[in-house]
Structure formats: structure tokens, C-alpha cells
Amino acid sequence: MNPKMSELRKKAMALPLLPGVYIMHGADGGIIYIGKAKALKNRVSQYFGSQNNHPEKVRRMVDRVDDFEYIITDSEFEALILECSLIKQHTPKYNILLKDDKGYSYIRVSAGDWGKLSYVLQKADDGATYIGPYKSSYYVKSAVEEANKIFMLPTCGRQFPRDFRKGRPCLNYHIRQCMAPCTGRVKLDDYRESLQQALDFLKGGSSASVRQLTAQMEAAAENLEFERAARIRDKIAAVRRMGDKQKVVLSKVLDEDVIAAFRNGGKTCFQVFRFEGGRLFDRESFIFDSGDSDSETEEFLVSYYTLRQDIPKNIALADGFEGMEDMQRWLTDKRGSKVSLLVPQRGEQAQLCAMCRANAAEALAQQKGATVREFGVLEELRQTLGLAALPEYIECYDISNLAGTENVAGMVVYKNGKPLKSAYRKFKIKGFEGQDDYASMAETLTRRFEEYRNAEPADEGFGKLPDLILLDGGKGQVAAVRAVLARMDIQVPLFGLVKDDRHRTRAVTGDGGEIAVSSKRSLFAFLSKMQDEVHRFAVGYHHQRRKNTTFRSSLTAIEGVGEVRAKALLKYFRTVDNISKADLAELEAAPKMTKDTARAVYRYFHGENEPNS
């Protein structure tokens, strides 16, 4: 914790209740964060109060604050203008800082008779033809990919005519996305025609392309070139299908940016959809450490539109914030004409915001190696249990025994909604004999967190604190483990999984009573699957222990074979069946065996017949 915390808080409490800008300095005097406030005292004092409710990014910033200064303004709008100017001037480490590194993109047509279409970020002196530049790399990439599919142009690394008939056609040929010039059966004139049609499509758009292709089809039909006319007809159909696919919005959406955020695990992803003429022409994704969620959208807009000169008339936001009127005024001044900033609640605009948020979640999920579906069920779990953060790392425990014998426990781990089997752990209950599920669960969790304190941070299984602990059991198990966590000062959310009379997960239980889990929700399937997995894992370990005990007990009935020799025989021969089939020489060669004991084991499995000498 910052050693100057009390001093900084005292200074913050003396600030006026006026709008202004505050500037945080580090120990070296450098500026590390700049913010604005409607009431300086209220806003700045929040930083130096309790740190429990702050995101990790804010806690790190506060720990590095050595001092702060402030500038009073006449209004919050003036504070916003000053904040933008200071951030641009000083680029503080803990503000959201975006880089204007999009550059330009080009459509490239490789040199030679059999040219190929691709998209590139830079022109090169390689004899190829370049079309552009285009500002939207997303648009160029998508358009080139669609053109190659529609007009069945090759995208592989083969060169023609050098690679004619040197290999079989790839999958694209079989799914009708490539004409396969590699077969040597495609005429050069036909290939050039398709390439030119693709270029016309890219330059003129789908409507102009359909008109040109239709004229070519009719001319071919009049000249009785029915095969060529059929090929062009198929291309027209493909262009129209692609056009229908692009209509993710209705014609009411004209020039507009749609912005949404998804936060999880200390990270925030902002997604921006840019529409022009009713068509999605660009999209951008930005991922950074999460800060104060109350001001993060506002801070992102300041950074994003400081870089952008082409501000649209309308900006739709998935989440609103307190200073939207001042932000709208700032954007209007920057554009030179009115900008509407809105948070749609229903209709097409709300659907666009939801789609934008889903894409932000997908981008963040991909970075973490998960999927939107997995993130969705974790978000549902977070909301159901009232957790502060998404439970990315979950541990689930179950006890297994038979009338109090071979008491064991299993721990399974789910990371980002998927089993992490390398982190699974087994426990043999050692603290008592007999059956006591509450005491077994308490011992298991005690040993688990004792291991945590001794483990390396990188150790999967014990070296990481979970975001959530689930127990296969009800309030009794939860109470037993709650006492363990309190005694060991472990701050992790804890809940039990309660089953119905058909052994299905019906509810989650915690300090506040049971929370029903509907069988129609994806959360039900997720928790049921996890509960089945931990049960399978614990029971499997229990069966293994019982099997080994049974085997050892049968071996210890042989004269001269005790617990140690029984374990050594099982380890050496793997199974009792292998021991029964072993000859005398093999038994004598086993670890910890004597000749007399080997003979006793042989006679036990082969009767009184003496082994061959």
C-alpha cells in the first residue's frame, strides 16, 4: 500500500466541491494519470479511501501516486476540454492511450498472366499492380476474401503455369471456391475474365458488378455460349448472396459509429463498428487493462476521437455515463456540426449495440483462449452468485468413500469455462478413520491452501488462488469449509452444489440460502457437467484405492509377504494376475524378495506343486 495514503487522503478531503482537472504525479515527478471531475473533492478522495472496490489497474496507479495537483474550471465541459488537451500533451501511463497505427491498405494483383488477388498494408516494388490506398483494412480484407470466393480465384501458394499438374486440387476446389488452375484444364482467357470480373466487383461494388455480369451473361447466351453464360449466372447468384449476407443492418442506419465494451478478468475490450451509407465499412478492437468502469467509456471516447478527424453524425453507445452531454458538445465542436450521442434501449440500434458488445466479448475471449459461449455461461454464473468478477478459474471438490473406508477427495479445475486436467488433484483423507464428509471436506481444503502457501506461483493446481470454490454438497459442507477459509484468511467466494433426488444439480447454496438453477439455462448444464466431472474423478480415485487395498490384502495372506513386499510386488508386476503367472526366477528377481518368499508366492498361486529347479 502507498505509504503516503493518509497524507494524500487528507489533502484530497481539503479540495473544493468544484469542477476541474486533477493531475497525479509519481515519485519522480512525472505525470501518471489525468482525470476530470464534477466535484474535485468527491472524485479525488475516492482514490485514497478503501482499495477493496478498486480495479487492479486503479490500485496500481494509487500505489504509485506521490502527490497530485488540480486546476479548477468554470464548468465540467471546460474540465473535459482541458483534460483532453493535457492527456494529448503528456500521455500519462494510466490513461487510456490509443495509437493511430491503422495506416492504409491496398488490393494487390500479382504480376504475370495468372495473377492473384490479395490485400497488403504496404506497396512493394515487385512488379505487381496495386489498387488503393484504402483507409479501412477491415473492408479491404473482407472484400478481397469475398471476391476470391465468388469468382473462384486461387489463394494458395502455387505459381502458374509452373505448378500445373504437380498436385491434386485443394479443398477449395471441392467446395466450389476455386476453379483449380493447378489441374491445367482452365483456359487462360477464362481465368483472365474471372480476374477482371473480380476487379470490377471490388472497384464498383456488388450492384455495379451484377449489372455488368448480367450484360455479359445475356451476350453469351445470344452468341449461344451457354456454358459460359451458366458460369456467369452462378457468379451473379454468388454476388447477390454475398450482398444479402452483408445486410446486417437496415437502410435506416446511415453514417454512425457503434461502440460497446466487454470487461473481464482485469481486461476491457472496446469494439467500434463504423457504418457509412447503411453498410459496415470498418471495425476496430482495443484491449487494455481495466480501470474505473464509471469513467472508462468517457475516457475511451476522448482518446479515440482525439485521433479521428472523421467524426460521424451519430454515435450509439452500449453503456452511458454521467458526462454524456458535455461529451456530445465536445464532439459537436470537433466535427463542426451537431453530433448525437445516444444509448439505445430498444429496436435496431439496441440490436447493433448488442452485436457490437458480443464482438468485444469474442475478441477478449480469443485473447484468453476461450469462446463467447464459455464467457457467456461464466457471466451468467457471476450474476447468479453475485460475484464481483468473472470466475475464470474455478475449483470444485467432492468426497468419496465406502462406509467410511478409503476416504478420498477429488479436486477438478475449470479455466475459462473448460476443464484444466493438468491442475486436477487427489487427496487421501488422513486425519481420522470412519465417515465424516464435513471433516473430510475441511481437511481437504486445509491441505489445499497449505500447499498454496508453499507452492510456486506458476504451479498449476496449488500455486493459484481460485476465483470461485464449489463443493459437491449442501450447507453443512459449506459451513465446514467456511471455517477453514476464515481461519486461514483466504478470501475466495464459496458455494455448494445441491442435487435433487435424481442426482441432478438443482441449486447452489451459500450463506444466503439456496439459489435455484433452472434446467433450461446453460448454467444448469455447465454446473451439472462440472459436478459430474468432480464426482467421476473422486469415485475413480476411490475405486483405485480400494482395488490396490484388495490386491495388497490378498498378497499379505501369503507367508513372508507383508505390506512393504506386497506394494513392491504390485509396483514391479503391475497386477496380481501378472504375479500369479510369473515363474520362480521372475519372482526371485523382484525387489525386496528372498528365495523362500518367492517359493511361498509361487506355491500360493500354483498349489503345492514345487516349482521346477
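A quick note: this is a predicted structure, and the numbers were derived from the prediction, not measured.

Reading guide: rules and limits
- All residue numbers here refer to positions counted from 1 along the written sequence of the relevant chain.
- Residues qualify for local features only when their pLDDT is at least 70, as the model is predicted, and side-chain atom pairs are given and counted only at 80 or more; totals for whole chains, interfaces and linings, by contrast, use all residues.
- The side-chain figures draw on all heavy atoms in the structure; neither hydrogens nor water molecules are used.
- Strands are runs of DSSP state E lasting at least 2 residues, helices are runs of H or I lasting at least 4, and numbering of each runs from the N terminus.
- The buried label applies to any residue whose accessible area, calculated with a 1.4 Å probe on protein chains only, is under 20% of its type's maximum; exposed applies above 50%, and partly exposed to all values in between.
- The protein chains shown are the only cover counted for residues, whose accessible areas, like all others here, come from Shrake-Rupley with a 1.4 Å probe.
- One less than the residue count of a helix, multiplied by 1.5 Å, gives the span that helix is expected to have.
- Strand pairing requires that DSSP identify at least two bridges connecting the strands.
- Put simply, two rings from Phe, Tyr or Trp (the six-membered ring, in Trp's case) pair if the centres are within 6.5 Å, and we call them stacked under 30 degrees between planes, edge-to-face over 60, tilted for the rest.
- Each reported salt bridge corresponds to a side-chain nitrogen of Lys or Arg within 4 Å of a carboxyl oxygen of Asp or Glu.
- Inter-axis angles, ranging from 0 to 180 degrees, are taken between N-to-C directions of lines fitted to C-alpha atoms, where helices are fitted over the stretch in contact.
- An angle counts as roughly parallel when it lies under 35 degrees, as roughly antiparallel when it exceeds 145, as roughly perpendicular when it falls between 65 and 115, and as oblique in every other case.
- By definition, turning the near helix anticlockwise from the far helix through less than a right angle yields a left-handed crossing, and turning it clockwise yields a right-handed one.
- Only heavy atoms enter the contact rule, under which two residues are in contact if any of them lie within 4.5 Å.
- Note on terminology: a nonpolar core comprises buried Ala, Val, Leu, Ile, Met, Phe, Trp, Tyr and Cys residues joined through side-chain atoms within 4.5 Å.
- Think of a polar contact as two N or O atoms within 3.5 Å of one another; within protein, one of them needs to be a possible hydrogen donor and the other a possible acceptor, and neighboring residues in sequence only count if both atoms come from side chains.
- Here pLDDT means the predictor's own confidence in every residue, given as a number from 0 to 100.
- Gly is put with the polar residues, along with every residue not named as nonpolar or charged; the nonpolar set is Ala, Val, Leu, Ile, Met, Phe, Trp, Tyr, Cys and Pro, and the charged set is Asp, Glu, Lys and Arg.

A.B. asks: I would appreciate a short explanation of the overall build of the protein in the present structure.
C.D. replies: Along the backbone of the protein there are 19 helices and 19 strands. Put simply, the protein has 613 residues, and 47% of those count as buried. Put simply, the protein shows about 31900 Å² of open surface, and 48% of that area lies on carbon and sulfur atoms.

A.B. asks: How should I be thinking about helix H9 (residues 293–307) in this particular structure?
C.D. replies: Because an α-helix packs 3.6 residues into every turn, residues spaced three or four apart end up facing the same way. Here H9 is 15 residues long and its end C-alpha atoms lie 22 Å apart, about the 21 Å a rise of 1.5 Å per residue gives. The set of residues buried in H9 consists of Ser295, Glu296, Thr297, Glu298, Glu299, Phe300, Leu301, Val302, Ser303, Tyr304, Tyr305 and Thr306.

A.B. asks: Help me out: how do you make sense of the pairing of strand E7 (residues 256–264) in this one?
C.D. replies: Successive residues of a regular strand alternate their side chains across the two faces of the sheet. Among the 9 residues that make up E7, 8 are buried, leaving the element largely enclosed by the rest of the structure. Sheet topology places E7 next to strand E10 (residues 314–317); 4 bridges connect them, and they run parallel. Bridged to Glu256 within E10 is Asn314.

A.B. asks: Quick question: what am I supposed to make of unusual backbone geometry here?
C.D. replies: Note on backbone geometry: most residues besides glycine have negative phi, and most peptide bonds are trans. Residue Pro161 is bonded to the preceding Phe160 through a cis peptide linkage, with omega at 5 degrees. Considering the arrangement of structural elements, one finds Pro161 in the loop between helix H5 (137–150) and helix H6 (171–174). In the Ramachandran plot, Met152 falls in the positive-phi region, its phi being about 55 degrees despite a non-glycine side chain. Summarising the element assignment, Met152 is placed in the loop between H5 and H6. Residue class for Met152 comes out partly exposed when judged on its relative accessible area of 21%. Look at Arg176: it is not a glycine, yet its phi comes out positive at around 60 degrees. Assignment of secondary structure puts Arg176 in the loop between H6 and helix H7 (188–222).

A.B. asks: Even after reading the chapter, I still don't get the packing of aromatic side chains, so can you show me in this structure?
C.D. replies: Aromatic ring pairs: the centre-centre distance and the angle between the two ring planes describe each pair. Tallied over the entire structure, the rule returns 22 aromatic pairs. Both rings, one in Phe160 and one in Phe164, keep their centres 5.8 Å apart while their planes meet at 20 degrees; by these two values the pair is stacked. Under the relative-accessibility criterion, Phe160 is labelled buried at 13%. When the ring of Tyr424 is compared with that of Phe537, the centres are 5.1 Å apart and the planes differ by 70 degrees; the resulting orientation is edge-to-face. Within this pair, whereas Tyr424 is found in the loop between strand E14 (418–419) and strand E15 (425–428), its partner Phe537 is found in helix H15 (residues 522–555), the two being separated by 113 residues in sequence. Residue Tyr424 is classed as buried on the basis of its relative accessible area of 9%.

A.B. asks: How should I be thinking about the pattern of salt bridges in this particular structure?
C.D. replies: Where charged atoms from two side chains of opposite charge approach closely, those side chains can pair. For the structure on display, the rule yields 23 salt bridges. For Lys36, the salt bridge is made with Glu298, and the minimal N-O distance between the two is 2.9 Å. Of this pair, Lys36 sits in strand E2 (residues 31–37) while Glu298 sits in helix H9; the two residues are 262 residues apart in sequence, bridging distant segments of the chain. This pair shows no difference in class: Lys36 is buried, exactly as Glu298 is. When salt bridges with common partners are traced through the structure, they connect Lys36, Glu76 and Glu298 into a single cluster.

A.B. asks: Is there a simple way to explain the packing of helix H13 (residues 437–454) against helix H14 (residues 475–488) in this structure?
C.D. replies: Working note: a packed helix pair is described by the angle between its axes plus the distance between those axes. The contact between H13 and H14 brings their axes to 8 Å, and the two run at 30 degrees. The pairing of H13 with H14 is recorded here as roughly parallel in orientation. Remark: the crossing between H13 and H14 carries right-handed chirality. Residues Asp437, Tyr438, Met441, Ala442, Leu445, Thr446, Phe449, Glu450 and Arg453 of H13 lie in contact with H14, whose contacting residues are Gly476, Gln477, Ala480, Val481, Val484, Leu485, Arg487 and Met488.

A.B. asks: How do you make sense of the nonpolar core when you look at a structure like this?
C.D. replies: Soluble, globular proteins show a tendency: their nonpolar side chains are buried together. Among the nonpolar cores identified, the biggest contains 32 residues, and Leu381, Ile394, Leu468, Leu470, Phe526 and Leu527 are the most heavily contacted of them. Put simply, the parts of the chain that give this core at least two residues each are helix H11 (347–367), helix H12 (372–385), strand E12 (393–402), strand E13 (405–415), strand E16 (468–472), strand E17 (494–499) and H15. Looking at this core, the element that brings in the most residues is H15, giving 7 residues. Of all hydrophobic cores here, the second largest spans 27 residues; its members include Ala143, Ile150, Leu153 and Ile232.

A.B. asks: Would you mind going over the environment of Ile107 with me for this structure?
C.D. replies: With respect to the helices, strands and loops of the structure, Ile107 is situated in strand E4 (residues 105–109). The class of Ile107 is buried, set by a relative accessible area of 4%. Along the backbone, Ile107 and Leu121 are 14 residues apart, and their C-alpha atoms lie at a distance of 8.9 Å. The contacts of Ile107, once residues within four sequence positions are left out, are Leu117, Ser118, Thr129, Tyr130, Ile131, Tyr134, Val140, Val144 and Leu202.

A.B. asks: Mind showing me how you'd approach the sheet that holds strand E3 (residues 67–72) here?
C.D. replies: Two modes of strand pairing occur in sheets, parallel and antiparallel, and in both the strands are linked by backbone hydrogen bonds. Taking strand neighbours across the sheet as the criterion, the 3 strands line up as E2-E1-E3 in an open arrangement whose pairing is antiparallel. Pairing within the sheet leaves two strands with one partner each, and these edge strands are E2 and E3. For this sheet, the mean angle separating the axes of adjacent strands, direction not counted, is 20 degrees. Looking at chain direction, strand E1 (residues 20–25) and E3 are connected through 6 bridges and run antiparallel. Each residue of the ladder has a partner; that of Met24, found in E3, is Phe68.

A.B. asks: How should I be thinking about the environment of Arg599 in this particular structure?
C.D. replies: Inspection of the secondary structure assignment puts Arg599 in helix H19 (residues 595–606). The sequence separation of Arg599 and Glu588 amounts to 11 residues, and the corresponding C-alpha distance is 8.3 Å.

A.B. asks: Looking at this model, I keep getting lost on the side chain of Thr268. Mind explaining?
C.D. replies: Following the sequence through the fold, Thr268 ends up in strand E8 (residues 267–276). At a separation of 3.1 Å, a polar atom in the side chain of Thr268 contacts the side chain of Glu296. Residues contacting Thr268, with those up to four places away along its chain left out, are Ala261, Phe262, Arg263, Phe286, Ile287, Phe288, Ser290 and Glu296.

A.B. asks: Is there a simple way to explain the side chain of Arg448 in this structure?
C.D. replies: Following the sequence through the fold, Arg448 ends up in helix H13. Those residues within four positions of Arg448 in sequence are excluded, and the remaining contacts are Glu395, Tyr397, Met411, Phe427, Gly461, Phe462, Lys464 and Pro466.

A.B. asks: I would appreciate a short explanation of the confidence of the model for the protein in the present structure.
C.D. replies: When pLDDT drops low, the exact placement of atoms in the prediction is not to be read closely. For the protein, per-residue confidence averages 83 on the pLDDT scale, and 88% of positions sit at 70 or higher. Every residue in residues 244–251 is under pLDDT 50, and counting partners more than four places away or in other chains gives 7 contacts.

A.B. asks: Quick question: what am I supposed to make of the packing of helix H4 (residues 76–90) against helix H10 (residues 324–335) here?
C.D. replies: Across the interface, H4 lies against H10 with an axial gap of 9 Å and an inter-helix angle of 55 degrees. Here H4 is positioned oblique relative to H10, judged by the angle of their axes. Two packed elements cross with a definite hand, and for H4 against H10 that hand is right-handed. Contacts from Glu76, Phe77, Leu80, Ile81 and Cys84 of H4 reach H10 at Asp326, Met327, Arg329, Trp330 and Asp333. Residues belonging to the contact of H4 with H10 are distributed by class as follows: 6 nonpolar, no polar and 4 charged.

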